[in-house]
Amino acid sequence: MYKKGIYKILTNEPLTDAVWRMTLAGDTQWISAPGQFVNIALEGKYLRRPISICDYDDRSIALIYKVVGGGTEQMSRMLPGETLDLLTGLGNGFSTKNDARRPLLVGGGVGVPPLYNLAKKLLAEGKPVQVVLGFNTASEVFYEEEFRALGCEVAVSTVDGSRGVGGFVTTAIAERGLDFDYFYACGPLPMLHALYNAVEQDGQLSFEERMGCGFGACMGCSCKTKYGYKRICKEGPVLTKDEIIW
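Residues numbered from 1 in each chain as written. Predicted model: local features only at pLDDT ≥ 70, side-chain atom pairs only at ≥ 80, totals over all residues. Heavy atoms only, no water.

## Concerning the overall build of the protein chain
Applicable threshold: The helix count covers DSSP runs of H or I at least four residues long, the strand count covers runs of E at least two residues long, and both are numbered beginning at the N terminus. Atoms counted for the radius of gyration: C-alpha only. Globule rule: 2.2 Å times residue count to the power 0.38. Categorising residues by exposure relies on relative accessible area from a 1.4 Å probe, with only protein chains included: less than 20% of the type maximum marks a residue as buried, more than 50% marks it as exposed, and the intermediate range marks it as partly exposed. Working definition of accessibility: Shrake-Rupley area with a 1.4 Å probe, residue cover restricted to the visible protein chains. Within this scheme the basic residues Lys and Arg register as positive and the acidic residues Asp and Glu register as negative, but His and the chain ends are omitted. The location of each charge is read from NZ of Lys, CZ of Arg, CG of Asp or CD of Glu.
Across its full length, the protein chain carries 6 helices and 15 strands. Its C-alpha atoms give the protein chain a radius of gyration of 17 Å, near enough to 18 Å, the size a compact globule of 246 residues would have. Oriented by its inertia axes, the alpha-carbon framework of the protein chain measures out at about 45 × 40 × 35 Å. Going through the 246 residues of the protein chain one by one, you find that 52% of them count as buried. Split by element, the accessible area of the protein chain, about 11100 Å² in all, is 50% carbon and sulfur. Side chains of the protein chain give 26 positive and 28 negative charges; the mean places of these two sets differ by 6 Å.

Here's what the structure looks like:
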């Protein structure tokens, strides 16, 4: 179930050259799980734009987005005080209803934001949280310190080796010898595929990068599972490792 509302922009600031963080005030009662997303109506755009929720409380929502096209460029020019038309409560999000005692959170690029509120929830449940963040270069790294401030153990990997462990998130997991019994992941498809093949533990993977129209109508986000094809915008964006056919 989703809810339409008008939200007031509180802040809209760059985290890196291409990644921005926007906070909005408004009704959040329809958001029920970390990893859900909103659909944003932008002036002059026919389709709403799906953006994953980074964090939320009972009065506000934080979104982190990458400026990659006309829609997100338009968002980056918006100022505090302006308003946005949002649909909230979309997607299934991550579930913490499992037997995990030592979870690992793995984020790649703009797949990092949905893991932030998840980390807060897991910590509130008394679980130690390990986080691995993967980027191409040091200039792209964001939210490392925010996860540390929560009390998470954080490792960073960069493809070019300019920060943290050189290589991919799977490299950092192996080199650090991380001890975990369950994982949550969100990021580019190559990262998710590599993680799926590299670790034996069960987990949940968010395919938010595959979200297209935001409603599952175009079928372009379909993923093959043991239960048939699932539309990421409709039945996702989170799928469990044991149901994916890859």
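## Some thoughts on the sheet that holds strand β1 (residues 3-14)
Put simply, the test is: Strand pairing is defined by DSSP finding a minimum of two bridges between the two strands. To obtain each axis, a line is fitted to C-alpha atoms, and for helices this fit is confined to the stretch in contact; angles are then taken between N-to-C directions over 0 to 180 degrees.
In spatial order, the strands read β1-β2-β5-β4-β3-β6; together these 6 strands close into a barrel with antiparallel pairing. Mean inter-strand twist for the sheet, computed between neighbouring axes without regard to direction, equals 45°. As defined by bridge partners, β1 adjoins strand β6 (residues 83-90) across 6 bridges and the pair is classed as antiparallel. Pairing of Ile6 across the sheet is with Asp85, part of β6.

## Overview of the packing of helix α4 (residues 169-176) against helix α5 (residues 189-198)
Each pair of packed helices can be described by the angle between their axes along with the distance between the axes. To keep things clear, this is the line we draw: What makes two residues a contact is simply this: any of their non-hydrogen atoms within 4.5 Å. Under the scheme applied here, ten amino acids are nonpolar (Ala, Val, Leu, Ile, Met, Phe, Trp, Tyr, Cys and Pro), four are charged (Asp, Glu, Lys and Arg), and all others, including Gly, are polar.
In contact at an axis separation of 9 Å, α4 and α5 are set at 35° when each is read in the N-to-C sense. Residues Val169, Thr170 and Ile173 of α4 form the contact with α5, whose own contacting residues are Met191, Ala194, Leu195 and Ala198. Within the contact of α4 with α5, the residues separate by chemical class into 6 nonpolar, 1 polar and no charged.

## Observations concerning unusual backbone geometry
Residues Gly236 and Pro237 are joined by a peptide bond in cis, for which omega reads 10°. Examined against the element boundaries, Pro237 turns out to sit in the loop between α6 (232-235) and β15 (238-240). The backbone of Tyr143 sits at a positive phi, close to 70°, despite the residue not being glycine. Inspection of the secondary structure puts Tyr143 in the loop between β8 (130-135) and α3 (144-150).

## Thoughts on the environment of Pro188
Relative to the elements of secondary structure, Pro188 occurs in the loop between β11 (182-186) and α5. Residues Pro188 and Gly107 lie 81 residues apart in sequence; the distance between their C-alpha atoms is 8.9 Å. With sequence-adjacent residues up to four places away left out, Pro188 is seen in contact with Gly108 and Glu209.

## Focus on the pattern of salt bridges
Spelled out, the test is: Salt bridges are defined as contacts in which a side-chain nitrogen from Lys or Arg sits within 4 Å of a carboxyl oxygen from Asp or Glu.
Under the defined criterion, the tally for this structure stands at 12 salt bridges. The salt bridge involving Asp58 is made with Arg59; its shortest N-O contact spans 2.9 Å. Owing to a relative accessible area of 57%, Asp58 belongs among the exposed residues under this scheme. Residue classification places Arg59 among the exposed residues on the basis of a relative accessible area of 57%. The salt bridge involving Lys127 is made with Glu125; its shortest N-O contact spans 3.6 Å. Residue Glu125 is classed as partly exposed on the basis of its relative accessible area of 37%. Salt bridges sharing common partners tie together Glu144, Glu145, Arg148 and Arg163.

## Here's the deal with the side chain of Ser60
Within the fold, Ser60 resides in strand β5 (residues 60-66). Residue Ser60 is classed as buried on the basis of its relative accessible area of 19%. Here Ser60 is in contact with Leu10, Leu24, Ala25, Gly26, Thr28 and Asp55, once residues within four sequence places are set aside.

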